[in-house]
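# Architecture and fold: a report
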Amino acid sequence: MTLAEIAAYLQTVLSDVELLGDGSIDIHRVARIETAAQGDLSFIANSKYEKFLTETAASALIVPKTLPVEPLNGKAFIKVADAYTAFVFVLEKFMPRVPVHRDGVHPTAVIAPSATVHPSASIGAHCFIGERCIIGEQSVLHPNTVVLDGARIGNGCVIYPNVVIYDGMNIGNRVVIHAGTVVGADGFGFAPQPDGTYKKIPQVGIVVIEDDVELGANVCIDRATLGETIIKRGVKIDNLVQVGHNCFVGSNTVIAAQAGLSGSTKLGENCMIGGQVGFVGHLEVANRVTFGGQSGVTKSHLKEGEFLRGSPALPLRKQLRQEALTGKLESLFERVKVLEAELASLKRQ
Amino acid sequence: MTLAEIAAYLQTVLSDVELLGDGSIDIHRVARIETAAQGDLSFIANSKYEKFLTETAASALIVPKTLPVEPLNGKAFIKVADAYTAFVFVLEKFMPRVPVHRDGVHPTAVIAPSATVHPSASIGAHCFIGERCIIGEQSVLHPNTVVLDGARIGNGCVIYPNVVIYDGMNIGNRVVIHAGTVVGADGFGFAPQPDGTYKKIPQVGIVVIEDDVELGANVCIDRATLGETIIKRGVKIDNLVQVGHNCFVGSNTVIAAQAGLSGSTKLGENCMIGGQVGFVGHLEVANRVTFGGQSGVTKSHLKEGEFLRGSPALPLRKQLRQEALTGKLESLFERVKVLEAELASLKRQ
Amino acid sequence: MTLAEIAAYLQTVLSDVELLGDGSIDIHRVARIETAAQGDLSFIANSKYEKFLTETAASALIVPKTLPVEPLNGKAFIKVADAYTAFVFVLEKFMPRVPVHRDGVHPTAVIAPSATVHPSASIGAHCFIGERCIIGEQSVLHPNTVVLDGARIGNGCVIYPNVVIYDGMNIGNRVVIHAGTVVGADGFGFAPQPDGTYKKIPQVGIVVIEDDVELGANVCIDRATLGETIIKRGVKIDNLVQVGHNCFVGSNTVIAAQAGLSGSTKLGENCMIGGQVGFVGHLEVANRVTFGGQSGVTKSHLKEGEFLRGSPALPLRKQLRQEALTGKLESLFERVKVLEAELASLKRQ
């Protein structure tokens, strides 16, 4: 397609789109600026990448309104307020991945007689759908996914291969779940007995995953002991994350890979949880709180909008100060030694 | 059922159960005290929840013997020594989850001719059971689970979907394994070669999982290089835990989510390993040792009953003291600065 | 077989192999020195294990050239430069694990008509191979593995059960992938929108895994947003590791369990990444850099051959010094208090 056609499409979804240069340029591919070649459309969203502006071989670039550029050497530009979002729209529109298995129920899938699968849904090879399950409109289950008795999956969901949804789980609409993820395994609850053994606490609650949630690969979201583990609308969870029983994750909160929430952690809305962060159980976190990677969260943080880091986690400025001072300990020990010597010499006088 | 029936059941499993109030109350559900409604039975096991005693709408509560309560407003009580364990018994008895697929061998399961599956065992859809495997009495394998050649699974086990048991593994009785867990992948062993490449060390040992062990979802227990990786009786392991080759986990030890044991770690009995704890390899830990979340264990801890935390892990009191002092570094630097100024001024005099 | 036969085999693969003692000894098994019995061949590669030299019941031992040993009590020795590598050769040659399912395409496997499976490849029960996939010579896919449209797997690969390879992935030759691993799930990319929600950034790139790579169980390697996530030749990755989108892992780099690479991390060749290490995104690491377990890597490390540890990671010597000084804080606070008292008393005079 031509650059003019791309600019025209962006005008339908964004306001204030400006095309600078030759709109008739033919675009063959979308590429990162470091690797873009003749015929490619690329973008600059981060000032760190402005250095590539002159050297890139890309035929066209999406750039921020504020970046002073001029069409030259046959290179053209699309200027927008948010170059990254514009680029995402282009990617979405012009580089769709092949949808897999939008072709109804595969003959090798095993579906219980009492299950209800919408005629527009697709169930891949070797899937298993238990009794009384409900699979909504246009939802796609990739091969080898297992949905146990009584689970419900809404409309427009994409469930990748080898996902397991335990019995009774409740999944909303437009939820994406990547391969190997397990929703609804038993919470980790055992009552210690006088003889040193543990008695299992039955885990009879469920997991509720609201609309527009995306879960990465090999994630674990445990069912509640009683009641519900809740993942609110718009939450995004990366690979290998652990969410314990009875947790509550507020809407639009983002959790990076390998983070872990112990049981009954309650996160607010629009929080950002870094990779490998760990939460002690039964904590509460306010809205828009950010934890840097590997933070260890040992108490509730009820102040909205805070940024914390470290283990135990401290407000960022305090943590950075503490790290800096720890780095200067060598000199502090030296200074104290000098003081001691000088004081001793003073006293001797 | 009625509250009197529940109390009567508890008397069959616990000593010293006392019913206070109207035993004819009809109980419809078991619920957490924060969310309990009319007709619900709930419990208070932790003094933190005593505040709900007056406000809960629950019709009846299980409470500790020591809690002074009086039946009023039609609310009744069951008093016991350990309210939590009593509650677990009630949950277990009156709120069983629907057992899945207790119906023999599904026709889509593939079972090697030389495998022995007990007639009372259930093998779910699309399971694969390799040559010479043995599956014991009453064991249930959920759909899409794979058991490779020569593996043995005892009696009364529950294996959830998409579990993989490698060849030759040995699983005891009443073992529960949640979805996506892998028992017996190769240990991580590679011999460095002069040209910078690595030569794989064949991993020909096995994993032995004794009776009454429970493994969470997406756990990895690696096979031994030679000999056995051993998980002793009654061990409970949470989701996403890594147990390296040739580890030994003593009986009734509990390992929280995302913890990792490097190869040849040896843990005692009744240890408690917090979430995201990491062990350097070839360490030994005594019985009843506890490591707080995110601890980094870099040496053996042979003193029974210790509580450690931090990275590197220190005895709790020492670690807390160190954290507190680190938090006061700002003031210490300030004090040293003052001392230096005062000393300089003294010397000038 | 006899010890002389084993020695003869080692002479075909290693230089300078010396047999001391009775070559006619019959060897039944290879075992670790702690557990070796009569008829076993064992080895000593680490001086820590030399104490077993006299007490072991093993009939023969592989030992380093430099260890002074004498055949006695019917015990014999094979002396080599690198006892560990020699032992690995013996293990490999004489204790092969039973290969599983080298028997063509299982009738329950679902293979798209446009896929190309080499006649010598084996496809296990309930596997799914999508459109236009290519599976090379002698490659073995264990049961329940899913390969989505357009993915390519080279020659001599072993893919264990329940692995998922997403559409378009490119896997080299002799690659080993353990159970439950996911190659090619979407990178974690979402553009924040003014209303607090996130817009998904399409992930249209792929993963390239070069020859001789081994991936552990339940690993996640995300596809690139655009372009490629690259795992170079000879890389070894342990269980539960996360590799984010657009990462580059240099050849022969080793990554231990539960480590996590955020998006666009670039690791050099022959690096060693400890367990549970975390990398902030967009960092670069030079060749032969080692990070100790649980390191938190917050900036690029471009000096070859460095050894770092801690969170944030510091050069080892510096980190150890800092840990030691932190451990002495108690005494430092005490010394400052003494100084203050003495100075006050001096001033009073």
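The structure under discussion appears in the preceding block.
Residues numbered from 1 in each chain as written. Chains lettered and ligands numbered in written order. Predicted model: local features only at pLDDT ≥ 70, side-chain atom pairs only at ≥ 80, totals over all residues. Heavy atoms only, no water.

### Here we look at the sheet that holds strand β10 (residues 134-135) of chain A
All names here are of chain A. To be explicit about the condition: Pairing between two strands requires that DSSP report at least two bridges joining them. Secondary structure is summarised from DSSP: a helix means a run of H or I of at least four residues, a strand means a run of E of at least two, and numbering begins at the N terminus for each.
Strand order in the open sheet made by the 9 strands is β7-β10-β13-β16-β21-β24-β27-β30-β33, with parallel pairing throughout. In this open sheet, the two edge strands, each paired with only one partner strand, are β7 (116-117) and β33 (284-285). The pairing of strand β27 (residues 248-249) with strand β30 (residues 266-267) spans 2 bridges and is parallel. Paired with F248 across the strands is K266, a residue of β30.

### Looking at the interface of chain C and chain A
Applicable threshold: Here, two residues are considered to be in contact whenever any of their heavy atoms come within 4.5 Å of each other. Defined here as a combined quantity, buried area equals the accessible surface (1.4 Å probe) lost by two parts on assembly, summed across both. We define a salt bridge as a contact between a side-chain nitrogen of Lys or Arg and a carboxyl oxygen of Asp or Glu at a distance within 4 Å. Side-chain atoms alone can form a polar contact between residues adjacent in sequence; in general such a contact is a pair of N or O atoms within 3.5 Å, and within protein one must be able to donate a hydrogen while the other accepts it. Each residue gets one label: Ala, Val, Leu, Ile, Met, Phe, Trp, Tyr, Cys and Pro are nonpolar, Asp, Glu, Lys and Arg are charged, and the others, such as Gly, are polar.
With 68 residues of chain C in contact, the opposing surface of chain A contributes 61 residues. Here chain C meets chain A over a buried area of about 5200 Å², counting both sides, of which 63% is carbon and sulfur. Its largest share of buried area at the contact with chain A, chain C owes to F188(C), Y198(C) and L226(C), together 13% of the area lost on that side. On inspection of chain C and its partner chain A, the count reaches 5 salt bridges. Between E330(A) and R321(C) there is a salt bridge whose closest N-O contact spans 2.7 Å. Scanning the region where chain C abuts chain A turns up 26 residue pairs in polar contact (both at pLDDT 80 or more). Looking at the side of chain C that touches chain A, the elements with two or more residues in it are β19 (190-192), β20 (198-200), α4 (316-327) and α5 (329-348) of chain C. By residue class, the composition of the side of chain C that touches chain A is 32 nonpolar, 25 polar and 11 charged.

### A short note on the pattern of salt bridges
This structure, assessed with the given rule, holds 51 salt bridges over all chains. Between R29(B) and D40(B) there is a salt bridge, with its nearest N and O atoms 2.8 Å apart. Here the residue R29(B) occupies a position in strand β2 (residues 29-30), and D40(B) occupies one in strand β3 (residues 40-43), the gap between them amounting to 11 residues. Bridged by salt links that share partners, the residues R174(A), D211(A), D212(A) and R233(A) form one connected network.

### Topic: the environment of G130(C)
All names here are of chain C. What counts here: Buried, partly exposed and exposed residues are distinguished by accessible area as a fraction of the type maximum, computed with a 1.4 Å probe on protein chains only: under 20%, between the cut-offs, and over 50%, respectively.
One can find G130 in the loop between β9 (128-129) and β10 (134-135). Using a relative accessible area of 0% as the deciding quantity, one classes G130 as buried. Leaving out residues up to four positions away in the same chain, G130 has contacts with A112, A115, V147, L148 and D149.

### Concerning the interface of chain B and chain C
Counting from both sides, the interface comprises 67 residues of chain B and, opposite them, 61 residues of chain C. When the area that chain B buries against chain C is broken down by residue, the three leading residues are F188(B), Y198(B) and L226(B), summing to 13%. For the interface between chain B and chain C, the tally reads 5 salt bridges. Where K199(B) meets E92(C), a salt bridge forms, and the shortest distance between an N and an O atom there is 3.2 Å. Viewed at the interface, chain C and chain B are joined by 27 residue pairs in polar contact (both at pLDDT 80 or more). At the level of elements, β18 (182-185), β19 (190-192), β20 (198-200), β23 (220-222), α4 (316-327) and α5 (329-348) of chain B are the ones that each hand at least two residues to the side of chain B that touches chain C. Here the side of chain B that touches chain C takes 8 residues from α5(B), the largest share from any one element. Its residues placed into classes, the side of chain B that touches chain C shows 32 nonpolar, 24 polar and 11 charged.

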